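The primary structure of each chain is shown beneath.
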Amino acid sequence: MPALIGTDLLEAARLLRAGQVVAIPTETVYGLAANAFDEAAVVRVFETKQRPAFDPLIVHVKDRNQLERVAVVPAEAEPLIARFWPGPLTLVLPKRPEVPDLVTSGLDTVAVRMPAHPLTQELLALLDFPLAAPSANPFGYVSPTTAQHVADQLGDRIPYILDGGPCDVGVESTIIAWDGVGSWSLLRQGGVKQEDLEPFTGPLHQPVSTERPTAPGMLESHYAPRTPVHVGEVPALLQRFARRSVGVISFRTTYPASRCEVLSPSGDLSEAARHLFAALRALDASGCEVILAEVFPEEGLGRAINDRLRRAAANRG
Ligand code: TXA
Ligand code: MG
C-alpha cells in the first residue's frame, strides 16, 4: 500500500509508538523518523533508505530533558543551544548509553538537534522518545524538500508521510562536532551560516573526507541526481555540451538552455538554498542529458549550495 500523505499527528504518533517509520517535515529537509530508543524501528530506517550501517543518524529532541537523555552536554555547547535551537544546527556530542549503538554506528558520540518545524514539534510533544531520522531519500540521492518528493521515492516503503509543506531552509542542518577538549570542527555546511557560528565556536575547519568519514555526509558522491552534473562557468560549459540537451542551475541569470532553473532572481542565497533540491529533482526528471551548475558565492548559504553541487558532480565524467 502506498504511503498516506497528510497532517494527522495522532496517526503519525501511533505508528511511531508501534515501531514504524514515518516521514516528517523539518525546516531543513524531510526526515525518515523512528523511535531512537527502539532498535528494531531504527533497523527499519536503515533498510527503508538502503543506508549502510556505518552511517549514523541524527537524533531529534523536543527539549532539554531529552537532550540530556541522549548526550553529555559540555558547557561550551550552551551558548550554541541558546542561540541556534530550535533550528538547523546539529551538535555531535558524547553519547549516553541509552542510545542504541545502531543509531550512532558504534561511535561514542551522538548527533543531536532540535528541529524548528511546528508540525514536528507538535509530534515530538505527543511522544515520550526522541526521533532518529536521516533525510528521507534513498541513500546517495538528493534530499526531499516536499512530502511529494518523499512519496515519489519511498512512498511504497513507509505507511505515512506527515505533510508540513515545502521546507523553509531547503538544505540539511549544519553539523559541528565537539572534540571533548576545547574545540569544534565543521562536519557539514548547512542551514546555519558558518559566519554566524564562528563568533560562538571560534574559526571552524572541515576535516578532509576519508574512506570511513566521521560524517558520511562528507562522502564524495552524495546528494547526486541520476543525470551527470558539471559545476563551473556556465557559458563555457554550454559550449562544451552544445549538442546535448542541457539543464542549467543558476543563481540569478537565465541562460539559453533546454531548461534553466534560476534559484533566486533577486540574488538571495537563502532563497536559492530553499529551491536547490527541487530544481535538481526537476532537471533529473526532465530527461535532459546533463545538468550544468554555476558556482555560487562562497558565503552564507552559498557554502552549503556549493558543497551539495560539488558532491552531486563528484565521480562523474
Ligand atoms: O537537516 C538535517 O540534518 C536532516 C533533517 C532530517 O534533520 N537530517 C539529515 O540526516 O541530513 P542525514 O542522516 O542525511 O545526515 C546526517 C549526517 C550524516 O552524514 C552522518 O554521517 C552524520 O550526520 N552523523 C550522524 N551522527 C554522527 C556522529 N556521531 N559523528 C559524526 N557524524 C555523524
Ligand atoms: Mg542525507
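Residues numbered from 1 in each chain as written. Chains lettered and ligands numbered in written order. Predicted model: local features only at pLDDT ≥ 70, side-chain atom pairs only at ≥ 80, totals over all residues. Heavy atoms only, no water.

A. Molecular detail of the packing of aromatic side chains. Taken as a whole and judged by the stated rule, the model has three aromatic pairs. Between Trp-178 and Trp-184, the ring centres sit 5.0 Å apart and the planes meet at 50°, which makes this aromatic pair tilted. Assessed through its relative accessible area of 10%, Trp-178 is described here as buried. On the numbers, 5.4 Å between centres and 50° between planes, the contact of Phe-251 with Phe-296 is tilted. On the criterion of sequence distance, the pair formed by Phe-251 in the loop between strand E12 (246–250) and strand E13 (259–262) and Phe-296 in the loop between strand E14 (290–293) and helix H11 (302–313) is long-range, its members being 45 residues apart. (Phe/Tyr/Trp six-rings, centres within 6.5 Å; stacked < 30°, edge-to-face > 60°. Buried < 20%, exposed > 50% of the residue type's maximum accessible area, 1.4 Å probe, protein only. Helix = DSSP H or I, 4+ residues; strand = E, 2+ residues; numbered from the N terminus.)

B. Summary view of the side chain of Glu-172. Along the chain, Glu-172 falls in the loop between strand E8 (160–162) and strand E9 (174–178). A polar atom in the side chain of Glu-172 sits 2.5 Å from the side chain of Ser-143. Of the polar contacts made by the side chain of Glu-172, one reaches the side chain of Arg-308; its length is 2.8 Å. (Polar contact = N/O pair within 3.5 Å; in protein donor to acceptor, adjacent residues only side chain to side chain.)

C. How the structure looks around the sheet that holds strand E11 (residues 229–231). Taken in spatial order, the four strands line up as E11-E14-E12-E13 in an open sheet, and their pairing is parallel. The open sheet terminates on both sides in strands that have one partner only, identified here as E11 and E13. Taken over all neighbouring pairs, the strand axes of this sheet differ in orientation by 20° on average, direction set aside. In this structure, E12 lies alongside E13, joined through four bridges in parallel fashion. If you follow Gly-247 over to E13, its bridge partner there is Arg-259. (Pairing = 2+ DSSP bridges. Axes fitted to C-alpha atoms, helices over the stretch in contact; angles between N-to-C directions.)

Purely spatial values, then, with no claim about function.
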